[in-house]
Amino acid sequence: GDTRIAASYRSQWNQVPVAYETFTVTADHKYTCGAAGPGFFSVGAALNYDQAGDSRLALAEFGLYGSYTRPLNEQSFVTAGLNIGAGQRAFKTEDLRFDRNFDPLMQMFNGDLDNGENFSNTSHIFLDAGFGINFRWQALQSTALIDLLEKRSKLDIGIGIHHLPRPDMSFRDDVESKLPIRYSPYATGIIQVGDPLDAHLAIVAQYQGPYRQYLATIGAKLHLNRTPGQQLSIMLGAGYRFDEFGDAWYPALEFNYHEFLRASLSYDINISEFQIATNRRGGLELNVRYLIKK
C-alpha cells in the first residue's frame, strides 16, 4: 500500500479494581521519490493512550516516525527507521485511600480526613526516541503489477530499541527514575502450505532492565477467494505470553478483505497466579488496519 491507517483498543482486568485501557492510532505514508533511487521513504505519526487503576495512572504519547527501505533484490528488503516524540504521565488522587483516612473512632474510612500526603506533581512531560531495523524476504517479486496471492510466503526479522534517551519517569523534582532502554527482537513468517492455506508463525521478545517477556503465536489462514477485487481470507490463531512463568494464552480471529481491510479480535485467558483475582479472565483486544493503494 501507499498509505496505512491502523487502530487498536484493549480492555484488561475489568473484573478486578485495577482495570487497564489502552488505545492506539497510527498513520503512515510511503514516498517513492520518483526515479531518484531504488528505495523509498516512509513517514508517519502515532498516538497512544492508556489508563490504569484507581489512581487513573495515564500515559499519553505522540510520536513522529520515519524510515527508509532499500531493496537488495526483487524479493529482499532492508528497512531502518527512527522515531521521536513526547509523552505525559499523570495520575489523580480522588479515589485513592491512605492510612490516615482511617477513622479509629468510627472504625471506617473517612475521605474528609487529611491523608497526610503532599503531591507536588501529579503530571510529568518527557521526550523519547527509538530506532529499529527490519529485514524482509518475500516470494512475491516487487516488480509484480498485480498480487494474485499465488506467492504468499514471507519472512520478517528485526529489532526495535526503545527509550534511547532514558527519560525520567519520576513525579518528584528531587528524585530521578530513569526508564531503562527496552530491546524488542522479533521474527514473523508466513509459510504457504497449499493453494488455499498458509501457516503463520511469530515470536517476539522484550528485554528491559531485569524484566523479560516472550510471546509466541501460531495461526492458520484460509483464502476463501483470491479473485482480484474480491479477495477474502480468514485466520484462526493462538498465542502464549510468558516471562519466568506463564502469564496468558489467547485465541485470535482475523479477517482480510481484498488485502486492504484487516480486522482482528483476541482475548487473553489469564493463567498466572493473578488468576485468583481475575478468574482467568484477561483482556479483549481489537485491531483494525486499512491500506490505501494508488
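Throughout what follows, the structure given in this document is the object of discussion. (Residues numbered from 1 in each chain as written. Predicted model: local features only at pLDDT ≥ 70, side-chain atom pairs only at ≥ 80, totals over all residues. Heavy atoms only, no water.)

Regarding the overall build of the protein
For the protein, the count of helices and strands is one helix and 16 strands. A principal-axis box enclosing the C-alpha atoms of the protein has dimensions of 80 × 45 × 35 Å. Looking at the protein as a whole, 28% of its 294 residues are labelled buried. Across the protein, the fraction of contacts at a sequence separation of at least 24, relative to all contacts at a separation of at least 6, is 50%. (Helix = DSSP H or I, 4+ residues; strand = E, 2+ residues; numbered from the N terminus. Buried < 20%, exposed > 50% of the residue type's maximum accessible area, 1.4 Å probe, protein only. Contact = heavy atoms within 4.5 Å.)

What to know about the environment of Leu-284
Following the sequence through the fold, Leu-284 ends up in strand 16 (residues 281–292). Spatially, the C-alpha atoms of Leu-284 and Glu-259 are 24 Å apart, while their sequence positions differ by 25 residues. Leu-284 has contacts with Tyr-9, Arg-10, Ser-11, Leu-265, Ser-266 and Tyr-267, leaving out every residue within four places of it along the chain.

Digging into unusual backbone geometry
Non-glycine residue His-163 carries a positive phi angle of around 60 degrees. On the secondary structure map, His-163 appears in the loop between strand 9 (154–162) and strand 10 (182–192). Residue classification places His-163 among the buried positions, given a relative accessible area of 12%. Residue Arg-166 is not a glycine yet carries a positive backbone phi of 50 degrees. A relative accessible area of 36% means that Arg-166 is categorised as partly exposed.

Here we look at the pattern of salt bridges
Throughout the structure, instances matching the rule amount to eleven salt bridges. Between Arg-4 and Asp-28 there is a salt bridge, with the nearest N and O atoms lying 2.6 Å from each other. Here Arg-4, found in strand 1 (residues 3–12), pairs with Asp-28, found in strand 2 (residues 20–31); they are 24 residues apart in sequence, far enough to count as distant. For Arg-152, the salt bridge is made with Asp-198, and the minimal N-O distance between the two is 2.8 Å. Of this pair, Arg-152 sits in the loop between strand 8 (123–138) and strand 9 while Asp-198 sits in strand 11 (residues 197–208), placing them 46 residues apart in sequence. (Salt bridge = Lys/Arg side-chain N within 4 Å of Asp/Glu carboxyl O.)

Some thoughts on the packing of aromatic side chains
Two aromatic rings, taken as a pair, are described by how far apart their centres are and by the angle between their planes. As enumerated under the stated definition, the model contains seven aromatic pairs in all. Taking 6.3 Å as the distance between ring centres and 45 degrees as the angle between the ring planes, the aromatic pair formed by Phe-98 and Phe-119 counts as tilted. Here the residue Phe-98 occupies a position in the loop between strand 5 (76–90) and strand 6 (102–103), and Phe-119 occupies one in the loop between strand 7 (108–109) and strand 8, the gap between them amounting to 21 residues. A relative accessible area of 34% places Phe-119 in the partly exposed class. With a centroid separation of 5.3 Å and an interplanar angle of 25 degrees, the aromatic rings of Tyr-240 and Phe-242 are classed as stacked. Note on Tyr-240: relative accessible area 34%, which makes it partly exposed. The structure contains a cluster of three or more aromatic residues connected by ring pairs, namely Phe-91, Phe-98, Phe-119 and Phe-171. Positioned over the ring face of Phe-40 is Lys-30, at 5.0 Å from the centre of the ring. Across from the ring centre of Phe-109, 4.3 Å away, lies the NZ or CZ of Arg-97, which sits over that ring. (Phe/Tyr/Trp six-rings, centres within 6.5 Å; stacked < 30°, edge-to-face > 60°. Lys NZ or Arg CZ within 6 Å of the ring centre and 35° of its normal.)

Some words on the pairing of strand 12 (residues 211–225)
Note: strand 11 against strand 12, twelve bridges, orientation antiparallel. Paired with Leu-197 across the strands is Leu-222, a residue of strand 12. Taking the residues that link successive antiparallel strands as the turn, the strand 11-strand 12 hairpin has two residues, and the phi of Gly-209 there is positive, at about 60 degrees. Hairpin remark: strand 12 followed by strand 13 (residues 232–242), antiparallel, with six residues in the connecting loop; positive phi at Gly-229, about 90 degrees. (Pairing = 2+ DSSP bridges.)

Section: the environment of His-163
C-alpha separation for the pair His-163 and Asp-128, spaced 35 residues apart in sequence, amounts to 5.7 Å. Aside from chain neighbours lying at most four places away, what touches His-163 is Asp-128, Ala-129, Leu-179, Pro-180, Ile-181, Arg-182 and Gln-208.

Read these as geometric descriptors, not functional statements.
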